[in-house]
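Spelled out, the chains give:
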Amino acid sequence: MIGLGIGLVCGAGELFLLTRLTHVLQKGDSLKTLGIVILKILLYALALVPVALFFRQDLVWCGAGICSVLIIGALVLNILSRRNGKGDR
């Protein structure tokens with residue numbers, strides 16, 4: 001279950017970077033966009049490579065943790081932004 005914990009932490013980091021990426025894309029800053037995309041790829045590598053090397057049996061759990069935090073977190077952020085009047089109606 002170590003892979004699940006690593007996946008949950010990586011998913012939270014990916015969600016944070018995803019929100020930053022959407023803000024940067026809306027502003028049109030291409031240099032910051034490239035930097036955030038590189039950070040997202042590095043975060044995936046920092047999570048998946050150690051799990052694949054040392055905890056191979058937990059690799060699926062790591063992927064499930066990443067996906068679950070991204071999906072649930074995006075839904076929560078969307079609901080909160082709609083309640084605050086910042087989202088599309």
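Residues numbered from 1 in each chain as written. Predicted model: local features only at pLDDT ≥ 70, side-chain atom pairs only at ≥ 80, totals over all residues. Heavy atoms only, no water.

Asker: Quick rundown of the environment of isoleucine 2? Include the residues and the values.
Answerer: Looking at the element boundaries, isoleucine 2 is found in helix H1 (residues 2-27). Between the C-alpha atoms of isoleucine 2 and leucine 59, which are 57 residues apart in sequence, the distance is 9.5 Å. If sequence neighbours within four positions are ignored, isoleucine 2 has contacts with Phe55 and Asp58. (Helix = DSSP H or I, 4+ residues; strand = E, 2+ residues; numbered from the N terminus. Contact = heavy atoms within 4.5 Å.)

Asker: Can you tell me about the pattern of salt bridges, naming the residues and giving the values?
Answerer: In this structure the tally under the stated criterion is one salt bridge. Lysine 40 is the salt-bridge partner of glutamate 14, the closest N and O atoms lying 2.6 Å from each other. Taken together, the residues glutamate 14 in helix H1 and lysine 40 in helix H2 (residues 30-54) connect sequence positions 26 residues apart. Each of the two residues, glutamate 14 as well as lysine 40, counts as buried. (Salt bridge = Lys/Arg side-chain N within 4 Å of Asp/Glu carboxyl O. Buried < 20%, exposed > 50% of the residue type's maximum accessible area, 1.4 Å probe, protein only.)

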